Amino acid sequence: MPRPERFIIDGKRLDGRAPDQLRPIKIEVDYLKRADGSCYLEMGKNRVVAAVYGPREAHPRHIQDPTKAVIRYRYNMASFSVEERKRPGPDRRSIEISKVSKEAFEAVIMKELFPRSAIDIFVEVLQADAGSRTACINAASVALVDAGIPMKGILTSVAVAKVDGVLVLDPMKEEDNYGEADMPIAFLMRGGKIDSIALLQMDGRMTREEIREAIKLAKKGAMEIYQMQREAIMKKFVQEGEE
Amino acid sequence: MTEDILSEIKKDYVLSKLRDGERIDGRKFDEFRKLEIKTGIISKAEGSAYVKLGNTQVVVGVKMQPGEPFPDVPDRGVIIVNAELVPLASPTFEPGPPDENSIELARVIDRGIRESEAVDLSKLCIEVGKKVWLTFIDIHALDDDGNLLDASAIASICALMNTIVPASRFGLGEDFCLPVNDIPVSVTSLIIGNKFLVDPTRDEMSVGERTITITVDRNDNIVAIQKSGDYLLSESLLEEIMDTSIRVSKKIREEILRQCSKACQ
C-alpha cells in the first residue's frame, strides 16, 4: 500500500468520511451456538468474532483464585486476515493486545461473584483493517452481556489518529499506517454515560492539547458505538421475549 | 504464603503512609529515585549502559549488523527492542520465552524510541531495499525493585547515545556514531485511588500493579502512552498525570545529559 500524498482533501478523508465520522458498524449477537455468549462485529473492513465461555471451572487448578474469577482474553488473528499472510499463533503484538484488553475487562467484570472459576473471552480477527483491537473489545463486551456475565457497565472502544495534523476518529488502514499518531481507547459506559477509561494506549506524536482533543473525539465516537451495541443486545432480548 | 502475608503488611503500610500524604521512602509523589548511569560498560557491544534507579538495576546492550529492511520502508534502518526478565532479577521472573510483561515492557520502550525519532533511521541505509543497519536493543534486567520500565528506557537511550556503528567490521567503510536526535523519557506512575506515585518501588507496587507510562520527547510532545493494569482511570486524573509526567521528564532528561557521556559528537 503506497503512502497517500494527502489524507484529507476538502475536509473529507480518503474514504469520504468527515474527520469525526465512524466507519459503518454491524453487530450481530448470539452468533455462535456452542459459546455461552457471542458476537459478530464489523467495523469498516474489520470482521471479528467474540466468544465467551464461563464462568466455568478454571484449569489448570493452580490458577484458581479463591477470592475471584480468573479472566482470560485471547486476541488472535487469522493468517488470511491481512494482506501478507500472518504466521498463525500469537506474536508479540497479539500478546500485548491480549494483556491490555484482559486488564480492561478485569476492571469491569464483577469477578468476585465467581471465586475459583474462569471466564474466557476469545476474539478472532477474520479480517483486519486498523482498529481491530477496538472492534474486538466492542464485540467482546456484547458477547459478555450475551453470556449474562455481571459487569459494572460495558466497554466501548474506538481509536483516534492524527493525519495531516488533523485528528480523525476510527482510522482506517492508510491513516493507521502512515499517520502521525494512533490512540486506541476503551471507556466504561455506565447508565448510558461515559464513566472512565479502561484501556488507553498511544504511539505517535501529540501535544498535550491534542490528546485532550483526541479524548473528546473518542468520547463522541464511543457514544455512537455504545448505542449500536445497546440496540444489538436489545434486539436479541426483545425477540426472545416475543417468542 | 509468607510472600502473601508480607505483601499484605507492606500494602497496609504504603496505604497508611499515603493517608498522611507521604511515601514509605520519604520521597515526594512526583520524585524519582536516585539515578546512576554508566555507559560503555560492555566493550563487545556497539553501545551499552548500566542504570541504577534506586535499587533497580538494568543493563542494556546495543548490537548492530547489516540486514534486510522492512519492505514498506526500504531506505530506513531497523530497531528491534527485546527484554529479558531473567530469573536472577526477581523471585517472580521465570526462565523461558518472554512473557506478556517483558513483551509489554519492550514494546513500550520501542514506541518511545521510534515515535520520538530518537535514532535517525534514514542514516542507517546501506543499499536501498537490500541492506540497512539492524539495531538490536537488548534489555537485561539485573534487579527489579520496581519501575524496571523507566530504568530500562533510560538505559536504552543511553546505550544508543554511545553506540558506534561497526561499519569497518563488515567492510562497509569507516565506523561512525549512531545519530541520536532526541532523548525520549518515559515516566511511569502507580495509581492508588485518585492519587499517583511517580517511579514506584516494588514495595509500593504491593498495593496493586496499576500503572500508566507517559513517554515525552524533548519538545514536550507525548510520544507514547500505556495504561497497564486492571483499573479504571478518570479523565481528570489522566490530565494531572500527563502534566506531571511532562514536568518530571525534563528533570530526568537533564540528568541523562549530565551523566551519560556520548561516545563521540
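About the criteria used
- Residues numbered from 1 in each chain as written.
- Chains lettered and ligands numbered in written order.
- Predicted model: local features only at pLDDT ≥ 70, side-chain atom pairs only at ≥ 80, totals over all residues.
- Heavy atoms only, no water.
- UniProt positions renumbered as here; feature names shortened; annotations may be inferred.
- Helix = DSSP H or I, 4+ residues; strand = E, 2+ residues; numbered from the N terminus.
- Rg over C-alpha atoms; globule rule 2.2 N^0.38 Å.
- Buried < 20%, exposed > 50% of the residue type's maximum accessible area, 1.4 Å probe, protein only.
- Contact = heavy atoms within 4.5 Å.
- Areas by Shrake-Rupley, 256 points an atom, 1.4 Å probe, with all protein chains shown as cover.
- Lys, Arg positive; Asp, Glu negative; His and termini not counted.
- Charge placed at Lys NZ, Arg CZ, Asp CG, Glu CD.
- Pairing = 2+ DSSP bridges.
- Axes fitted to C-alpha atoms, helices over the stretch in contact; angles between N-to-C directions.
- pLDDT = per-residue confidence, 0-100.
- Phe/Tyr/Trp six-rings, centres within 6.5 Å; stacked < 30°, edge-to-face > 60°.
- Lys NZ or Arg CZ within 6 Å of the ring centre and 35° of its normal.
- Patch = residues over 30% accessible without salt bridge, like charges linked within 9 Å, V, L, I, M, F, W, Y side chains within 5 Å.
- Salt bridge = Lys/Arg side-chain N within 4 Å of Asp/Glu carboxyl O.
- Parallel < 35°, antiparallel > 145°, perpendicular 65-115°, else oblique.
- Left-handed = near helix turned anticlockwise from the far one by under 90°.
- Nonpolar A, V, L, I, M, F, W, Y, C, P; charged D, E, K, R; others polar.

As recorded by an unreviewed UniProt entry, chain B carries the name Exosome complex component Rrp42 and is attributed to Archaeoglobus fulgidus. Its UniProt record gives chain B a comment under Subcellular location (unreviewed entry), which states: "Cytoplasm".

The name that an unreviewed UniProt entry assigns to chain A is Exosome complex component Rrp41, with the source organism given as Archaeoglobus fulgidus. As its UniProt record puts it under Subcellular location (unreviewed entry), chain A is described as follows: "Cytoplasm".

Caption draft 1: Seen up close, the overall build of chain B. Within chain B one finds 4 helices and 12 strands. For a compact globule of 265 residues, the expected C-alpha radius of gyration is about 18 Å, and chain B comes in at 19 Å, within 12% of that figure. By the burial criterion, 52% of the 265 residues in chain B qualify as buried. Of the contacts made within chain B by residues no fewer than 6 positions apart, 69% connect residues no fewer than 24 positions apart. Carbon and sulfur atoms make up 50% of the accessible area of chain B, which totals about 11800 Å². Seen as two clouds, the 32 positive and the 45 negative side-chain charges of chain B have centres 4 Å apart.

Caption draft 2: Here's a closer look at the overall build of chain A. Along its length, chain A carries 4 helices and 11 strands. With the C-alpha coordinates of chain A rotated into their principal frame, the extents come out at 55 × 40 × 35 Å. Counting the 243 residues in chain A, one finds 55% classified as buried. Here chain A displays about 10800 Å² of accessible surface, and carbon together with sulfur accounts for 51% of that area. With 40 positive and 38 negative side-chain charges, chain A shows a separation of 4 Å between the mean positions of the two kinds.

Caption draft 3: Inspection of the sheet that holds strand β10 (residues 195-198) of chain B at higher detail. One open sheet holds the 8 strands; their spatial order is β9(A)-β8(A)-β10(A)-β11(A)-β12(B)-β11(B)-β9(B)-β10(B), and the pairing between them is antiparallel. Bordering the open sheet on either side are β9 (166-169) of chain A together with β10 of chain B, each of which pairs with just one other strand. Taken pair by pair, the neighbouring strands of this sheet meet at an average axis angle of 25°, ignoring direction. Judged from the 9 bridges that link them, strand β8 (residues 154-163) of chain A and strand β10 (residues 181-190) of chain A form a sheet pairing that is antiparallel. The residue bridging V160 of chain A from the neighbouring strand is M183 of chain A, located in β10 of chain A. Strands β8 and β11 (193-206) of chain A together with β12 (222-228) of chain B of the sheet are contacted by helix α1 (residues 92-106) of chain A, whose axis makes an angle of about 155° with β11 of chain A.

Caption draft 4: View of the confidence of the model for chain B. With 97% of its residues at a pLDDT of 70 or more, chain B has an overall mean of 95. Across the assembled chains, the prediction reports ipTM 0.93 with pTM 0.94.

Caption draft 5: Quick peek at the UniProt feature "domain: Exoribonuclease phosphorolytic" (unreviewed entry) in chain B. All names here are of chain B. UniProt records the feature "domain: Exoribonuclease phosphorolytic" (unreviewed entry) at residues 31-166 and 182-246, using the numbering of this structure. Between the C-alpha atoms that bound residues 31-166 there is a distance of 38 Å. The span itself is 22% helix and 36% strand. For residues 182-246, the helix share is 18%, the strand share is 38%, and the end-to-end C-alpha distance is 15 Å.

Caption draft 6: Structural context of the packing of aromatic side chains. Residue and element names in this part refer to chain B. Under the criterion given, the structure shown has 4 aromatic pairs over all chains. The interplanar angle of 75° and the centroid separation of 5.8 Å between the aromatic rings of W133 and F170 together place this pair among those described as edge-to-face. Placement of W133 in strand β6 (residues 131-143) and of F170 in the loop between β7 (164-165) and β8 (176-177) is noted, with a sequence separation of 37 residues between them. The ring of Y231 is capped by K227, whose NZ or CZ atom sits 4.1 Å from the centre of that ring.

Caption draft 7: Local environment of a nonpolar patch on the surface. Together, I5, L6 and I9 of chain B line one region of the surface with nonpolar side chains, adding up to about 280 Å² of accessible area. Note that I9 of chain B resides in helix α1 (residues 2-19).

Caption draft 8: Just the pairing of strand β3 (residues 56-67) of chain B, in detail. All names here are of chain B. In this sheet, β3 lies alongside strand β2 (residues 47-53) in antiparallel orientation, the contact comprising 7 bridges. Directly across from Y50, in β3, lies its bridge partner V59. What sits between the antiparallel neighbours β2 and β3 is a turn of 2 residues, in which G54 has the positive phi angle 60°. Of the strand pairs in this sheet, β3 and β6 are connected by 11 bridges, and their pairing is antiparallel. Residue V60 lies in a different strand from β6, and its bridge partner there is I139.

Caption draft 9: Looking closely at the environment of E231 of chain A. Here E231 of chain A shows up in helix α4 (residues 208-242). In this structure the C-alpha to C-alpha distance between E231 of chain A and I185 of chain A, which are 46 residues apart in sequence, comes to 22 Å.

Caption draft 10: Geometry of the packing of α1 of chain A against helix α2 (residues 132-146) of chain A. All names here are of chain A. Taken N-terminus to C-terminus, the directions of α1 and α2 make an angle of 40°; their axes are 11 Å apart at the nearest point. Judged on the interaxial angle alone, α2 and α1 are oblique. Relative to α2, α1 is oriented so that their crossing is right-handed. Judged by residue contacts, R93, I97, S101 and F105 of α1 engage S132, R133, I137, A140, S141 and L144 from α2. Split by residue class, the contact of α1 with α2 holds 5 nonpolar, 3 polar and 2 charged.

Caption draft 11: Inspection of the pattern of salt bridges at higher detail. Summed over all chains, the structure comprises 50 salt bridges over all chains. For the salt bridge of E42 of chain A with K26 of chain A, the shortest nitrogen-to-oxygen distance reads 4.0 Å. Of this pair, E42 of chain A sits in strand β4 (residues 37-43) while K26 of chain A sits in strand β3 (residues 25-29), and the two are 16 residues apart along the sequence. Accessibility expressed as a relative area gives 40% for K26 of chain A, which makes it partly exposed. Measuring nitrogen to oxygen at the nearest pair gives 2.9 Å for the salt bridge that ties R212 of chain A to E239 of chain B. Placement of R212 of chain A in helix α4 and of E239 of chain B in helix α4 (residues 235-259) is noted, with the two residues assigned to different chains.

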